[in-house]
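Architecture and fold: a report
Take a look at the letters that make up each chain.
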Amino acid sequence: MIEIISWANAATNLGVVTAIRPPTILVFTPHTQPLWTLPEADRFTLVDPSFDRALATSDLVCCDSRAELDVLAARAAGCPLLYVPLSIDTQRFRPGAAERLPQILCVADFNERRKRTDLALAAIARRMRRDSSTRAVLAGRASQEVSLPADLAERFDLLGYVSAERLVELYQTSRLYLLLSDFEAFGIPIAEALGCGTPVVTTATAEISSLFAGRQGCAVVDNTDDAAVDRAIDAAFVRTDHAEISASAHASFAPEVTFRSKLDRVMQLVAQQNSAVAGGGVG
């Protein structure tokens, strides 16, 4: 079996689908995103045709969200699709014993435009002006280079990259994780924060809504609706049901729940191929 990962790896994907021969099984996990999410997207003319070729060649295509499954079902009729949400390590991402601080956590690549950290920073500033005790922690690429309002700068901690251990600690001690991206194929940090019992405010895209709307502790909103964002942030700050939020996330995103269905389907394909080989049906 070969698994190729990412819709945008044009050269690798074309190389694999051109070379692969039966009885090798091809699994494709594309983490599908719109082409506009790539910087200078007009340069990448092979991404779409290589994506379609990989879809047509694969024995199984694993979709992060039900919204992605719907998109790919319309794009490639008859494509063997399976909804498999990504998972989190439930032994690591769980509520800690530490007290929740009056802080908003924002973890992102601050150079990536689709992450809309400009909207997150504006929302944080509005909250700080409504409540003088609110602080914020920014982590991730270029977070230490962010320009801040002079009157609020001392209430921000700009950390840059952080270790895996520090990230868990930040989730466990924050009142809220804020992510107002224009697009997320899945949103692993959302699931990680919820696994730590931390409320989340994020954008109501089709993919995120299909995964997280209605989930305990997660508010999905229009990221350009300041009033809706502010209401969701204020509501998250007073939540105390951290254990329940974590339990709900673990029930959906534990590896034994998510990847079990993928393993079962792959083993079915292996059994079918073995049967075909034994019967002389595969050249």
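Residues numbered from 1 in each chain as written. Predicted model: local features only at pLDDT ≥ 70, side-chain atom pairs only at ≥ 80, totals over all residues. Heavy atoms only, no water.

1. Observations regarding the pairing of strand E2 (residues 26-29)
Strand residues, when the strand is regular, have side chains that alternate between the two faces of the sheet. On E2, burial covers both faces: Leu26 and Phe28 on one face and Val27 and Thr29 on the other are all buried. The sheet contact formed by strand E1 (residues 2-5) and E2 spans four bridges and is parallel. Among the inter-strand pairings, Ile4 is bridged to a residue of E2, identified as Phe28. With respect to chirality, the unit in which E1 leads through helix H1 (residues 10-19) into the neighbouring parallel E2 is right-handed. (Buried < 20%, exposed > 50% of the residue type's maximum accessible area, 1.4 Å probe, protein only. Helix = DSSP H or I, 4+ residues; strand = E, 2+ residues; numbered from the N terminus. Pairing = 2+ DSSP bridges. Right-handed = clockwise from strand over helix to strand, strands pointing away.)

2. A closer look at helix H3 (residues 66-75)
When we look at burial in H3, the residues that qualify are Ala67, Glu68 and Leu72. The buried residues of H3 occupy one face: seen down the axis, they fall within an arc of 130°. Exposed residues lying more than 90 degrees from the buried face of H3 are Asp70 and Ala74. (Arc of directions from axis to C-beta.)

3. Topic: the pattern of salt bridges
Throughout the structure, instances matching the rule amount to 21 salt bridges. Of the charged contacts, one joins Arg116 and Asp118 as a salt bridge, the two residues approaching to 2.9 Å between their closest N and O atoms. A salt bridge links Arg127 to Asp131, with the nearest nitrogen and oxygen atoms 3.3 Å apart. You can call Arg127 buried: its relative accessible area is 10%. Residues joined by salt bridges that share partners form a network here, namely Arg126, Arg127, Arg130, Asp131, Asp226, Asp230 and Asp234. (Salt bridge = Lys/Arg side-chain N within 4 Å of Asp/Glu carboxyl O.)

Scope: geometric values only; no functional claims are made or implied.
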